[in-house]
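Analysis of the macromolecular model
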Amino acid sequence: MLGYDDKTGDMLLYNFWRDANSPKGIWRKTTMKQYQSENTEWQTVLDLDELAREEDISWVWKTHNTFRSRGYTALPRKLDPQSGGPMGRVTRVLLNLSRGGADATYLREFDLLTESFVDPLDETQHGFSLPEAKTRASYKSRDVLLVGADTGEDSMTSSGYPRTVREWKRGTKIEDAPIVFEVEKTDVSCGQYLIDETHREGGEMYEVQTRTISFYDKHTFVRKQSSSDPFVKLAVPDTTSVSFYGRWMMIRLKDDWEPKDNGSDDRTFKSGTFLYVDAQSFIDFSKAKEEGNDDAVKNCKLDYHVIFEPTATTSYSGYSATKSYLIVYILNDVKEQLKFYKLGDGGGPFVEVSGDEEGQIRSVGASPVDSVTSDLVFQTTSSYISPSSLVLADAAKIGQDDYVVSELKSLPEMFDSTDLEVTQKFAVSKDGTKIPYFMIYKKGMKLDGTTPTLLYGYGGFEVSLGPRYVTTVGIAWLERGGVYVEANIRGGGEYGPRWHQVALKENRNLCYEDFIAVGEHLVESKVCTPQTLACRGGSNGGLLTGNMLVQAPELFNAIHIAVPLLDMKRYSKLLAGASWMAEYGDPDTDDWENFLHKYSPYHNIDLNREKYPNVLVTTSTRDDRVHPAHARKMVKKLWDEGKGKDWPVYYYENIEGGHGAAADSRQEAFMTTLSYDFMWRALTNSLPKN
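We now turn to the structure provided with this report. Every chain's residues receive numbers from 1 upward, in the order its sequence appears when written. With the structure being a predicted model, the display of local features is reserved for residues of pLDDT at least 70 and the display and counting of side-chain atom pairs for 80 or more, all residues being used for whole-chain, interface and lining totals. As a rule here, side-chain values cover all heavy atoms of the structure and leave hydrogens and water aside.

The next subject is the sheet that holds strand β26 (residues 363-368). Strand pairing is assigned whenever DSSP detects at least two bridges linking the two strands. Helix and strand definitions here come from DSSP, where helices need a minimum of 4 consecutive H or I residues and strands a minimum of 2 consecutive E residues; each element is numbered from the N-terminal end. Read across the open sheet, the four strands follow the order β26-β27-β28-β29; overall the sheet is antiparallel. A single partner strand is all that each edge strand has here, and the edge strands are β26 and β29 (404-410). Pairs of neighbouring strands in the sheet enclose a mean axial angle of 20°, with direction left out of account. As defined by bridge partners, strand β28 (residues 389-394) adjoins β29 across five bridges and the pair is classed as antiparallel. The residue bridging Ala-393 from the neighbouring strand is Val-404, located in β29. Axis lines are fitted through C-alpha atoms, for helices just across the contact stretch, and the angle between N-to-C directions can take any value from 0 to 180 degrees.

In structure tokens, the structure reads:
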């Protein structure tokens, strides 16, 4: 929602849509009234296919890897004198357009009133525009950006992300903009942005700086935007995530924490806890600690409120915020629950008002329609075999019969799920840990080992896998009669930070042992045999499946290794690789000899082995996150060393697509068909002979 129509007062809704007629996609708009009708009329705001033809560039609409990312950065109505206030509309946005799907993007300012780009060469407009880079930008005012960009030598970190933040005024050169924040070359990145909480009682406009030291460690600095005081470094663990809601500072912990202030009573908050505290009081406490003012620290009596504390089976996975409600997402044995909390009277502490009694095998999300003025949410629900349905709901009526305001849309069923069943099972890993996995299969399936079975996993960076509508899997695998399995192995976030942290660096082998345990459990359960078992993974999941090739080749008959890391000796020198050393380790230290070499697939190919399973390796020339050299080197070595042996290795490199490996819906369809058809043919002995 980007504001209200200035004539009708109706909410203006925008979304990005791709289909067969618009493979690159269109950005379009409608009104809430229209969206609630059966036949919604949409107006095209920006046609990416048309833009690509006009400019002869394969543009890709680029979203960020953040919770509920929408693909643009809006000029907040609070900062825009032309918006018309809280009931006005957003007038400007920053778009990030990618050439061929790369992570690096072109920043271009777009005017929502004229529905055109703001021309950077027109002296009456002076639109913000930057060339291709891993740029980060947000509005400080209508005519000022806080921007991290590639402005030449030393402006980017060794990981390839911004090292400086500049305050860039409209109509001036980015190179002349003053640097307002700077971090070390060896850090991962930095950023600066505003958070507006003035629409909630007791809230402020906060200015935030972040220094990301490693993938998981960062320093957060805060001040009131109206203040000329220096930024204050928040006294929280470096792994902590911080946000704001009204007068409260919301804190998500990834390590145990003892605040050691006068109000915490020597409490220790567990890793994975989600809590909040009065923001200004905590900023004052942090300032006193930073200045070494022991008397001031002793006088800080902080009152911490815990919203969620993890158990052996539960974890926090995020929250949404409406004007007056907090909607918290919880995983319970990887099954999702929602809990609703209402902001107390006068902006006081939250009160739990309703929520799910137990987790369900589904994906559910409640995105605010307009968190500034409304408690309405768009709630989507889907499962592995049920397409997304969308309703308009009122958080203020949660638990009541009229919670759902109207049923809006449902995506069509893309595959026949009539006889499909979803179940959760557990395998036991080598060290005795129970590893959950979801299995989708046809009811009444014979347990005779003959069913082609596909095992998918990721296991890294605290990324959780869970139920969502598996359109391509359904069409390409399940409708053929196959079994699909997703393994929730360690390294992911299914059980919170501990599930991830236990498999870092020297303990990375746990990820692979977990995945092997799930595969072996499928065989033991007679769902499949090694001859009818395939596995697939991409990126970090490509490292996972690469290790399946060298560690458990007897367990699989087909392996798809997509956009992978495979050379763990060189990974930190390639593109964004330096930013992942907190996950894997530093190969330029003793880490290589101590553990990294053990799970570097490129270095663990068994040259004496006569047979390897069928392997498909895919990558993208435009991948600027994980270098395609990983895939190229691995395939070259397998081809060279496999001469005269039974090493069936196939390779495909898309010239576009970036780390997603596809630049539009047609390319996605091709890459998907290539992958699933390869695995199905391998498991049914119908691959063409070389």
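So, about the pattern of salt bridges. Note on definitions: salt bridges are taken to be side-chain nitrogens of Lys or Arg within 4 Å of carboxyl oxygens of Asp or Glu. Counted by the stated rule, this structure contains 39 salt bridges. The closest approach of N and O atoms between Lys-633 and Asp-567, which form a salt bridge, is 2.4 Å. With Lys-633 in helix α11 (residues 629-641) and Asp-567 in the loop between β35 (558-562) and α9 (581-584), this residue pair connects regions lying 66 residues apart in the sequence. Given a relative accessible area of 31%, Lys-633 falls into the partly exposed group. With a closest N to O distance of 2.5 Å, Asp-640 and Lys-636 form a salt bridge. Of the two residues, Asp-640 and Lys-636 are both situated in helix α11; the distance of four residues between them amounts to about one turn of the helix. Relative accessibility under 20% of the residue-type maximum defines a buried residue, over 50% an exposed one, and the middle range a partly exposed one, all with a 1.4 Å probe and only protein chains included. Classification of Lys-636 as partly exposed rests on a relative accessible area of 48%.

Two cysteines form a disulfide when their sulfur atoms are joined by a covalent bond. Any pair of cysteine sulfurs within 2.5 Å is marked as a disulfide. Tallying each qualifying case throughout the model produces zero disulfides. Counting only cysteine sulfurs, Cys-535 is the nearest neighbor of Cys-511, a cysteine outside any disulfide, at a range of 14 Å. Under the relative-accessibility criterion, Cys-511 is labelled buried at 1%.

In this section: the side chain of Ser-406. As for its placement among the helices and strands, Ser-406 is situated in strand β29. Take Ser-406: its relative accessible area is 17%, and that puts it in the buried class. Under this definition, polar contacts are N or O atom pairs within 3.5 Å; protein pairs additionally need one hydrogen-donor-capable and one acceptor-capable atom, and for neighbouring residues in sequence, both atoms have to be side-chain atoms. Here the side chain of Ser-406 touches Gln-36 through a polar contact of 3.1 Å, side chain to side chain. Not counting the four nearest positions on each side in its chain, Ser-406 is found in contact with Gln-36, Val-391 and Leu-392. By definition, residues are in contact when any of their heavy atoms lie within 4.5 Å.

Moving on, we get to helix α7 (residues 509-524). A helix is expected to reach a length of 1.5 Å times the quantity of its residues less one. Its 16 residues give α7 an end-to-end C-alpha distance of 22 Å, which sits within 8% of 22 Å, the value for a rise of 1.5 Å per residue. Of the positions making up α7, those classed as buried are Leu-510, Cys-511, Tyr-512, Glu-513, Asp-514, Phe-515, Ile-516, Ala-517, Val-518, Gly-519 and Leu-522. Those residues of α7 that are buried are in contact with β30 (420-428), β31 (434-442), β32 (453-456), β33 (483-487), β34 (533-538) and α8 (540-551). Phi turns positive one or two residues past the end of α7, at Lys-526, with a value near 65°.

Quick look at the packing of aromatic side chains now. What characterises a pair of aromatic rings is the spacing of the ring centres plus the angle enclosed by the ring planes. To pair, rings of Phe, Tyr and Trp, with the six-membered ring standing in for Trp, must have centres within 6.5 Å; the planes then decide the type, stacked if under 30 degrees apart, edge-to-face if over 60, and tilted in the middle. Inspection of every chain in the model, using the stated rule, returns 37 aromatic pairs. Joined through ring pairs, the aromatic side chains of Tyr-14, Phe-16, Trp-27, Trp-61, Tyr-72, Phe-110 and Phe-117 make up one cluster. Whether a charge sits over a ring comes down to the Lys NZ or Arg CZ being within 6 Å of the ring centre and within 35 degrees of the ring normal. Geometry around Trp-248 places Arg-247 over its ring, the cationic atom sitting 4.0 Å from the centre.

Before going further, it helps to examine unusual backbone geometry. Look at Val-334: it is not a glycine, yet its phi comes out positive at around 70°. By the secondary structure assignment, Val-334 is in the loop between β23 (325-332) and β24 (335-342). The backbone of Phe-461 shows a phi angle near 55°, a positive value even though the residue is not glycine. Judged by relative accessible area, which is 14%, Phe-461 ranks as buried.

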